[in-house]
Amino acid sequence: MTASWAYDPAMYSIKAVAQATGLTVETLRAWERRYGVVVPGRDSTGRRVYRPEDVLRLRRLREATERGHPIGRLATLNEDGLADLLSEAPDRSSQAASNAFVERILESAQRFRSADCEQAITLAIAMLPPRSLVEEVLQPLLREVGERWHRGEFSIAQERMISSLVRRHVGLMLDSFDRNARLPPIVFATLPGERHEFGLLMSAMMCASRGHKAHYLGADLPPDEIARYALEVQAAIVALSLVLQEGLVDVPDQLRTLRSALPEEIGVWLGGEACRALPKDAIPDGCIVLKDCLELEQRLEMRPA
Ligand code: B12
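Bear in mind that the values here come from a model prediction, so they are computed numbers and not experimental data.

*Asks:* Help me understand the overall build of the protein chain in this model?
*Replies:* Across its full length, the protein chain carries 13 helices and eight strands. At 21 Å, the protein chain has a C-alpha radius of gyration in line with the 19 Å of a compact globule built from 305 residues. Dimensions of the protein chain, computed from the C-alpha atoms along their principal axes, are close to 60 × 50 × 40 Å. Looking at the protein chain as a whole, 49% of its 305 residues are labelled buried. Partitioning the contacts of the protein chain with sequence separation of at least 6, the portion at a separation of at least 24 is 69%. Surface summary for the protein chain: the accessible area is close to 15,900 Å², and the carbon and sulfur share equals 50%.

In structure tokens form, the structure reads like this:
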């Protein structure tokens, strides 16, 4: 059986997958042959290449077999089934693994080892599902980097090195998910004056990982421009990130402008730390605040396909 997707240089060799999942190369081949657990593609020389979602599935399969579930039965489960099975007993080792990634990246940045930082980031991407990657690794990492820079422990260059690696790799994930996007478009932007965009980028990647077409416009856009774009691409949702509290004074007016330029059926979803400081009566009808990325996933699930 040949995979129906094309080879992409951002994919993983069998050796890299073995490293990322803890399965041996022999087991990977046997599980593929006997149970068809994943169907890797082939590169131009005929070698197996795996997508990030294959690596995630294989890692889940390994965890589930370690808990005593037979592979023959696990192979019949889809991603949701596997995720449910694993959520029955919370895996404390996952948080520990995430903490270890953060430590490793910070330590490598401390010693200006950008290649080591990059390796740890790509491994974390391969091993963790998108939400754990974001909430357990990338968000704490960026915050800690900011604090170290603030305390004078990291130079501007060290901060920029990590930020650009994160931006590049999350961008690559977004692109790779985007190729299979089948669900309605979501437009991502921040309002004028808001330059923090990592939370926005990560929520875009998470929506793309669930099959939505993500139109990532980035930071600092006038609300009428966002609305015009959303109408043009027939977006189902406009997602905004609010991080800076000092910019909140103008936000209610900006939201009203945006909301009034959009038809009712286009939802406006707000996320980010500063939402907590936004008074309820400052949020126009038709805009909803999402507590975190878990709520984002839940809301996406609830939408009709
Ligand atoms: C990196 C950073 C910057 C970078 C931003 C680079 C970029 N292109 O994004 C730069 C250097 C530009 C910057 C500038 C400033 N910053 Co700054 N910055 C940070 C820092 C260190 C990390 C932010 C970050 O990227 N976090 C990682 C992301 C992934 O986390 P997140 O934003 O919280 O997002 C998560 C959730 O909130 C949620 N989420 C976020 N958005 C959305 C959207 C949706 C739809 C959903 C569902 C979820 C969601 O999901 C994400 C994952 O869990 C924070 C420190 C901190 N504690 O957050 C300060 C921080 C945010 N900055 C701050 C400040 C004050 C500033 C400046 C005013 C500093 C200055 N004097 O110039 C400027 C303002 C710039 C501007 N006009 O916006 C303050 C904000 C204080 C406040 N409450 O208002 C903070 C908290 C630092 C501090 N402790 O004082 N900053």
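*Asks:* Would you take a moment to explain the pattern of salt bridges for this structure?
*Replies:* Where side chains of opposite charge bring their charged atoms close, a pairing between them can arise. Taken as a whole, this structure holds 21 salt bridges when the rule is applied. For the salt bridge of E107 with R111, the shortest nitrogen-to-oxygen distance reads 3.8 Å. When the shortest N-O distance is used, the salt bridge between R276 and E273 registers 3.4 Å. Overall, R276 belongs to the exposed group, its relative accessible area being 62%.

*Asks:* Quick question: what am I supposed to make of the sheet that holds strand 7 (residues 267-271) here?
*Replies:* Consider a sheet: its strands pair through backbone hydrogen bonds, and that pairing is either parallel or antiparallel. Strand order across the open sheet formed by five strands is 5-4-6-7-8, with parallel pairing between neighbours. Looking at which strands have only one partner, the edges of the open sheet turn out to be strand 5 (212-218) and strand 8 (287-289). With direction set aside, neighbouring strand axes in the sheet form an average angle of 25°. By the bridge criterion, five bridges tie strand 6 (residues 237-241) to strand 7 in an arrangement that is parallel. Looking at the pairing, I237 lines up with G267 of strand 7. Of the strands in this sheet, strand 4 (183-189), strand 5, strand 7 and strand 8 are in contact with helix 13 (residues 293-302), which crosses strand 7 at around 160°.

*Asks:* Teacher, can you tell me more about the coordination of the cobalt atom of the ligand here?
*Replies:* Under perfect tetrahedral coordination by four donors, a metal shows angles of 109.5 degrees; under perfect octahedral coordination by six donors, it shows angles of 90 or 180 degrees. Donation to the cobalt atom of the ligand from the protein comes from one atom only, H196 (NE2), at 2.3 Å. Position of H196 among the secondary structure elements: in the loop between strand 4 and helix 10 (198-209).

*Asks:* Please explain the site of the ligand as it appears in this structure.
*Replies:* Neighbouring the ligand are 28 residues; Q139, H196, E197, S241 and Q245 lie closest to it. Take G193: an N or O atom from its main chain is 2.8 Å from a nitrogen atom of the ligand. Elements supplying a minimum of two residues to the shell around the ligand: helix 8 (130-150), helix 10, strand 6 and helix 13. The dominant element in the shell around the ligand, judged by the number of residues it contributes, is helix 8, at six residues. When grouped by side-chain class, the residues that make up the shell around the ligand number ten nonpolar, ten polar and eight charged.

*Asks:* Would you mind going over the packing of helix 3 (residues 52-66) against helix 5 (residues 79-87) with me for this structure?
*Replies:* Pairs of packed helices are described in terms of their axes, by the angle between the two and the distance that separates them. Two elements in contact, helix 3 and helix 5, have axes separated by 10 Å at closest approach and are oriented at 40°. Between helix 3 and helix 5, the angle is such that the two are oblique. In this structure, helix 3 crosses over helix 5, and the sense of that crossing is left-handed. Touching R57, R60, L61, E63 and A64 of helix 3 are E79, L82, A83, L85 and L86, all from helix 5. In the contact of helix 3 with helix 5, the residues fall into six nonpolar, no polar and four charged.

*Asks:* Would you mind going over the environment of G146 with me for this structure?
*Replies:* Mapping G146 onto the fold places it in helix 8. In this structure G146 comes out as partly exposed when scored by relative accessible area, which is 29%.

*Asks:* When you look at the packing of helix 9 (residues 156-178) against helix 10 in this model, what are you seeing that I'm missing?
*Replies:* Between helix 9 and helix 10, the least distance of the axes is 8 Å, while the angle of their chain directions is 25°. Of the possible angle classes, the one that applies to helix 9 and helix 10 is roughly parallel. Judged by the sense of rotation from one axis to the other, the crossing of helix 9 with helix 10 is left-handed. For the pair formed by helix 9 and helix 10, the contact residues are S163, V166, R167, V170, M173, L174 and F177 on the first element and F198, L201, M202, A204, M205, A208 and S209 on the second. Among the residues making up the contact of helix 9 with helix 10, the classes are represented as eleven nonpolar, two polar and one charged.

Conventions we followed
Residues numbered from 1 in each chain as written. Predicted model: local features only at pLDDT ≥ 70, side-chain atom pairs only at ≥ 80, totals over all residues. Heavy atoms only, no water. Helix = DSSP H or I, 4+ residues; strand = E, 2+ residues; numbered from the N terminus. Rg over C-alpha atoms; globule rule 2.2 N^0.38 Å. Buried < 20%, exposed > 50% of the residue type's maximum accessible area, 1.4 Å probe, protein only. Contact = heavy atoms within 4.5 Å. Areas by Shrake-Rupley, 256 points an atom, 1.4 Å probe, with all protein chains shown as cover. Salt bridge = Lys/Arg side-chain N within 4 Å of Asp/Glu carboxyl O. Pairing = 2+ DSSP bridges. Axes fitted to C-alpha atoms, helices over the stretch in contact; angles between N-to-C directions. Donors = N, O, S within 2.8 Å, 3.2 Å for Na, K, Ca; no water. Near = heavy atom within 4 Å. Polar contact = N/O pair within 3.5 Å; in protein donor to acceptor, adjacent residues only side chain to side chain. Nonpolar A, V, L, I, M, F, W, Y, C, P; charged D, E, K, R; others polar. Parallel < 35°, antiparallel > 145°, perpendicular 65-115°, else oblique. Left-handed = near helix turned anticlockwise from the far one by under 90°.

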